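# Per-entry structural report
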Amino acid sequence: MNPPASAIPSASPASPAPPAVPARPASPAAPLISLTWTDQVTGRQGYLVVDRLVRGVASGGLRMRAGCSLEEVTGLARGMTMKEALHFDADDPTARYVPLGGAKGGIDCDPRDPGAYGLLVRYLRATRPYIESFWTTGEDLGLTQETVDRAAAEAGLVSTVQAVHPLLDDERAARRRLADAFATEVDGIGLDALVGGCGVAESVLTALDRAGVAPEGTRVAVQGLGTMGGATARFLSRAGLRIVAVADVKGTIAHPDGLDVEALLAARDAYGTVDRAALRPGDRELPGDAWLCADAEVLVPAAVSYAVDTGNQAAVKARWIVEAANMPVTPEAEELLARRGVTVLPDVVVNSATNAWWWWTLFGDIGPGADESFAHTRRAMRALAGRMLARAETDGTTPRAAAHAMAAERLPVIAERYGWYR
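Not measured: the values here are computed from a predicted model. Note that residues are indexed from 1 along each chain, following the sequence as it is written. With pLDDT at 70 or above as the cut-off, local features in this predicted model cover only qualifying residues; side-chain atom pairs require 80 or more to be listed or tallied, and sums for whole chains, interfaces and linings still use all residues. The basis for every side-chain value is the complete set of non-hydrogen atoms in the structure, without hydrogens or water.

## Examining helix α6 (residues 227-238)
Runs of H or I in DSSP of at least four residues are treated as helices and runs of E of at least two as strands, each being numbered from the N terminus. Expected helix span is taken as 1.5 Å per residue step, with the number of steps being one fewer than the number of residues. Between its first and last C-alpha atoms α6 spans 17 Å; for 12 residues at 1.5 Å apiece the expected length is 16 Å, and the two agree. Considered for burial, the residues of α6 that qualify are Met 228, Gly 229, Gly 230, Ala 231, Thr 232, Ala 233, Arg 234, Phe 235 and Leu 236. Taken from the residues just after α6, Gly 240 is the one with a positive phi, measuring 105°. For the exposure calls, accessible area comes from a 1.4 Å probe over protein chains only, and a residue counts as buried if that area is under 20% of its type's maximum, exposed if over 50%, partly exposed in between.

If you want it as structure tokens, here you go:
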């Protein structure tokens, strides 16, 4: 049952004083390694950026999208450095997972292109020495882990995370544990495809708790129903929030009383596109950008980078934008949003659970079971999001600036304790 209208917060944000500092800090130093690869068959380009190493290893996924650029991958690699640092607890002697450095790979190609898989294999063959030595990678935008693993095997790789194997106490047991976790399904969806969305949902719930807003009936619009967006929609719906709009490449699906999330998840393809035959009579089909101006308290961009910019940010009615995708809000747009009281919860915290879960599992902080994975993810993300929001409030700044400050304090400690190289 939905709460009375008076109990549901207005979609029009409040107007607190603007943050005292810019939404994002100054640009960081240049990355450690920056490579551009040109495919000898198609002329298309791919990129690998290693922002920094810890114990000789860096972590970061591989994405494929038309228009992917070196600048984009550089920003994503820096974000991975911060995600790793933010999950480091210098005072916890029981933690087996020690943060790695940050990296990212990208290929400029539409993943639906008939030649995309061959291009992926050739990219992995070209970058194989780096993956074998110091770059651990996995799925990101446009690619599934199954596709990456299949292409990696064809490229002659043992694993896309084999660079971290020398850091493990028991490599065989660790690899078995991770394989068991990837084989686990929960209500028809793989565990690996759910933990990231669980982390996003916990970030949302933490923000609502701090604002004194009840989850029940709080309205949410999600851009993208792929791995991250789909899992986020499931967890938020099960927590009592109403998913009133979701967007995919065909457009936006909306219903003011809430969508049937599980039916939409069951009707999506490998790219997160929903079969419209699954829609209910009351579900509306709207233009692709309608999610942005939905009557909702929370917007979750979970698809592409640069989705919210200076040209469309004025249409946002929500109180919170929660970055399930990487870099979906441009810096200039975030500053304008902050001035009118829209809070952006940054990607470096919000979507960091997927990466952390790989390492919690591989290093042995958790076992391969779903219950343990979700419990650990919820605890860790609640704590991290809570610290970020408390720091932002104390410093009088944005959550992103607070997260960046927290990472900046931890990086020298990590470097001193563990070093850049093996």
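Text resumes after the structure shown.
## Considering the pattern of salt bridges
Salt bridge, as used here: a side-chain nitrogen of Lys or Arg that lies within 4 Å of a carboxyl oxygen of Asp or Glu. Throughout the structure, instances matching the rule amount to 27 salt bridges. Across the pair Asp 51 and Arg 78 runs a salt bridge, and its minimum N-O distance is 3.3 Å. Placement of the pair is Asp 51 in the loop between β2 (45-50) and β3 (58-59) and Arg 78 in helix α1 (residues 70-86), with a sequence separation of 27 residues. Of the residues examined, Asp 51 reaches a relative accessible area of 8% and is grouped as buried. A salt bridge links Asp 180 to Arg 176; its shortest N-O distance comes to 2.9 Å. On the criterion of helical spacing, the pair formed by Asp 180 and Arg 176 is a turn pair, its members being 4 residues apart in helix α4 (residues 171-182).

## A short note on the packing of aromatic side chains
To pair, rings of Phe, Tyr and Trp, with the six-membered ring standing in for Trp, must have centres within 6.5 Å; the planes then decide the type, stacked if under 30 degrees apart, edge-to-face if over 60, and tilted in the middle. Tallied over the entire structure, the rule returns 10 aromatic pairs. Seen from their ring centres, Trp 359 and Phe 363 are 6.3 Å apart, and the 65° between their planes marks the pair as edge-to-face. Of the two residues, Trp 359 and Phe 363 are both situated in helix α10 (residues 353-363); the distance of 4 residues between them amounts to about one turn of the helix. No difference in accessibility class separates Trp 359 from Phe 363, as the two residues are buried. By way of ring pairs, the aromatic residues Tyr 97, Phe 182, Trp 357, Trp 358, Trp 359 and Phe 363 are connected into one cluster. A ring has a charge above it when a Lys NZ or an Arg CZ is no more than 6 Å from the ring centre and no more than 35 degrees off the ring normal. Residue placement shows Arg 150 over the ring face of Tyr 117; its charged tip is 4.5 Å from the ring centre.

## Observations concerning the packing of α4 against α10
The geometry of a pair of packed helices is captured by two quantities: the angle between their axes and the separation between those axes. Geometry is summarised by axes, namely lines fitted to C-alpha atoms with helices restricted to the contacting stretch, and by angles between N-to-C directions that run from 0 to 180 degrees. Put simply, α4 and α10 touch, their axes get as near as 7 Å, and they point 135° apart. With respect to α10, the axis of α4 lies oblique. Mapping the contact onto sequence places Ala 174, Arg 175, Arg 177, Leu 178, Ala 181 and Phe 182 in α4 and Trp 357, Trp 358, Thr 361, Leu 362 and Phe 363 in α10. Note on residue categories: nonpolar means Ala, Val, Leu, Ile, Met, Phe, Trp, Tyr, Cys or Pro, charged means Asp, Glu, Lys or Arg, and polar means any other residue, Gly included. Here the residues of the contact of α4 with α10 sort into 8 nonpolar, 1 polar and 2 charged. Any angle that falls under 35 degrees is termed roughly parallel, while one over 145 is termed roughly antiparallel, one within 65 to 115 roughly perpendicular, and all others oblique. By definition in these notes, contact holds between two residues if any of their heavy atoms fall within 4.5 Å.

## Here's the deal with the sheet that holds strand β10 (residues 242-248)
The strand order across the open sheet built from 7 strands is β12-β11-β10-β9-β13-β14-β15, with neighbouring strands paired in mixed fashion. Here the strands that pair on one side only, and so sit at the sheet edges, are β12 (284-286) and β15 (343-345). Each strand axis lies, on average, 20° off the axis of its neighbour in the sheet, ignoring direction. Strands were regarded as paired on the criterion that DSSP finds at least two bridges between them. Pairing of strand β13 (residues 298-301) with strand β14 (residues 320-322) involves 2 bridges; the strand directions are parallel. Counted as the bridge partner of Leu 299 is Ile 321 from β14. α6 rests against β9 (219-223), β10 and β13 of the sheet, and its axis sits at about 170° to β10.

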